[in-house]
Amino acid sequence: MDPVVQFRNVSKRYRLRRGWYPSLRDHAAALARRAKNWLARNGAEETDEIFWALRDVSFEVEEGESVGIIGANGAGKSTILKILSRVTAPTSGSVSVDGKIGALIEVGAGFHPELSGRENVFLSGSIMGMKRREIERRFESIVEFAGVGEFIDTPVKFYSSGMYIRLGFAIAAHLDPDILLIDEILAVGDAAFQVKCLNKIAELKASGKTTILVSHELSNIRNYTQKAIWLTRGQIAAVGDPDEIVDRYLQSLAIQRPGASSQRRLDSAQKPIQITQVRLLDGNDRARDLFCAGEDATVEIRYDLAAPVASPVFTVSFKDVQGPHVGSVATSLDGFDLGRVTEPGILRFKLSPVLFMKGAYVVSLSIRERDTGKIVDLFPNAVTLVVGGPNIPPNAASGHFIFPHTWETADDLPAGGVATAAGRAG
Amino acid sequence: MFCHLKELYEHRELILSLGLRELKARYKQTVFGISWALVQPLSMMLILTLVFSRIAKLPSDGIPYPIFVYSTLVFWQFFTLTFSQGTTSLVGNASLVRKVYFPREICFLAIFFSAAADLAISFALLLVLRAYYALPLTWNLLWIAPILAVQVLFTLGLVSLTSSLHVRFRDIGHALPLVNQIWMFASPVAYSLSAVPASLLPFYLLNPMAAIMDSYRRVIVLNTGPNLEYLAASLLTAAVLFGIFYPLFKRSELHFADVI
């Protein structure tokens, strides 16, 4: 099959602006500077204001293929979509696209607050490239998908932000392009709506539509794409099987992050109590940062004191390296009281066992005053806990934890056991 | 140029939708709705009549001053609206420009579309005023269409330049009201072209809007044809401007999303 999308040595340069809007005066100043440089025979262009969002990026997408793009913020993912949808042009290189592009990028593109939902459906639909007739034909379905029902004739300025986003997505989901671009869309809406969105994407994938998906949700990349492109700082780091690429990406994230141990110098002696060192240890008290689910892990916290502190409350919190906060627990949850602390010491937080799903988790720590709840010391991003393990089959699990569980059917129950309802409740 | 037009034709529904959006949004939550389109030219007519006719006793080619000035005001209003709103239309639609692709001139074409609705209403009032002052209906009125075409071509070329400059330099937006004011007094809107000293006329006519405004007045109230020589000069200027600035606009639009 012929590729329907071809990127050949595409680079994109942005000029970073120092101030707010550039004004004529800035340009006059820049011109004067350039003239001075030229007079001084200093041919070198100023480089400090230039940023390469993409550098020499080449890839192909074949018809019916679904491709995921991953990478840190600012790696150039959105720039690729912008170039594909022709919002902006590459600085060099060439892009060829065979077919009509539709972007599920902008939810609520062109909505006017004063206009009704109905008027906005037609407006936004035509902005996204639908013909009036197509919109008319899909109108009922759009309204149903969005679940705005009777409010369709209300000006959208009176919509809740959820309704607004749902209507925007509903329009976009009814686009029928040859190549569909999706950017981070899954982050919007409530759970029921997310299910609709995911089903829509699965449906598109099943119907053999070419899709390009940009997402921070790595499980979506694993579940919905056949090929992953990993970008770092505007360049392609790797292309290939989504499972493999996502793993390599996670490992690289862990490497860039704080490792298994980190220390810091004491601040000015303002703080009565302060964390000085954090380490990750395994079951044998050896420093380590890679763990398998089911193993024991310990977060060791060393602290120093300027003055005695009564019952400080320590909090350990975990954040997915991809962004979302995963959870935190404090000593106060377990009624664990350090009492009156008078000298430097060590506190150990034990995970026995590690129940996290495969991924990398950044650990942050804080100390609060027990009575006021005031945070006296904060040690953000102290260490990274990397959890490895076997790959999970598509759609077999999601989220951050695999919590203890078992499955049973009625057959497994003792004779005369309660029927299906109990099975469901369990 | 041809491929640009073809693409515009493919996006004709978008021009319509955005034009309707401008129009609907402008008069939503107003009691008088689109009749506001009459307020601006009518109030200008009253003020100018008071100042120029009653106080300054300006000659108006023997025509009652209100209809004399309204005949040009209607079209001047259209020019001001398309010129200033067209100039700022790209920045006004910045959120779209940053996110969705469409030929960028659609931003100001939609303005032309919505301004045309205002024009139609104030033009209807012009016909009523003509009847009130018992001006005869003549074939000369048909000249309005080609004169309007010259005006639109000129404004399109102008806005191609100013709107793309406005994307980069917001200074343009601040200068607009001033430019509009000066431009109106530099054009025969409130006074007759015959009041301009002959020695100044060659310079005066460098402004294409001068001949355009004069032409409207001739065909609408003076009941003669336009001065074809002047009008042809305006057409030439308009065509040259458009021929230069529209392709330039199309070239720089590739990067609007980066700088807007």
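That block above? That's the structure.
Residues numbered from 1 in each chain as written. Chains lettered and ligands numbered in written order. Predicted model: local features only at pLDDT ≥ 70, side-chain atom pairs only at ≥ 80, totals over all residues.

Draft legend 1. Just the sheet that holds strand β11 (residues 273–282) of chain A, in detail. Residue and element names in this part refer to chain A. With antiparallel pairing, the four strands of this open sheet are ordered in space as β10-β11-β13-β18. Whereas interior strands pair on both sides, the edge strands pair on one side only; in this sheet they are β10 (261–263) and β18 (345–351). If you compare each strand with its neighbour and ignore which way they point, the axes differ by 20 degrees on average. With seven bridges connecting them, strand β13 (residues 297–305) and β18 associate as antiparallel partners. Of the residues in β18, the one forming a bridge with Glu300 is Arg348. (Pairing = 2+ DSSP bridges. Helix = DSSP H or I, 4+ residues; strand = E, 2+ residues; numbered from the N terminus. Axes fitted to C-alpha atoms, helices over the stretch in contact; angles between N-to-C directions.)

Draft legend 2. Layout of the interface of chain B and chain A. Each partner contributes residues to the interface: chain B has 22 residues there, and chain A has 26 residues. Examining the composition of the side of chain B that touches chain A, we find that six residues originate from one element, helix α2 (residues 12–27) of chain B, more than from any other. When grouped by side-chain class, the residues that make up the side of chain B that touches chain A number nine nonpolar, three polar and ten charged. (Contact = placed C-beta atoms within 7 Å. Nonpolar A, V, L, I, M, F, W, Y, C, P; charged D, E, K, R; others polar.)

Draft legend 3. Inspection of the packing of helix α3 (residues 36–55) of chain B against helix α6 (residues 106–132) of chain B at higher detail. Residue and element names in this part refer to chain B. For the pair α3 and α6, the least separation of the axes is 9 Å and the interaxial angle reads 55 degrees. The pairing of α3 with α6 is recorded here as oblique in orientation. In this structure, α3 crosses over α6, and the sense of that crossing is right-handed. Within the contact between the two elements, α3 uses Ala37, Leu38 and Pro41 and α6 uses Asp118, Ile121, Ser122 and Leu125. Residue classes in the contact of α3 with α6 are distributed as five nonpolar, one polar and one charged. (Parallel < 35°, antiparallel > 145°, perpendicular 65-115°, else oblique. Left-handed = near helix turned anticlockwise from the far one by under 90°.)

Draft legend 4. Region of the structure containing the nonpolar core. Among the nonpolar cores identified, the biggest contains 152 residues, and A:Leu181, A:Val363, A:Leu365 and A:Leu385 are the most heavily contacted of them. Ranked by residues supplied to this core, first place goes to helix α4 (residues 65–92) of chain B with 14 residues. Other than its neighbours up to four places away in sequence, A:Leu385 contacts A:Leu280, A:Asp289, A:Phe291, A:Ala297, A:Tyr361 and A:Val363. (Core = buried A, V, L, I, M, F, W, Y, C linked by C-beta atoms within 7 Å. Buried ≥ 20, exposed ≤ 12 C-beta atoms within 10 Å, placed from the backbone.)

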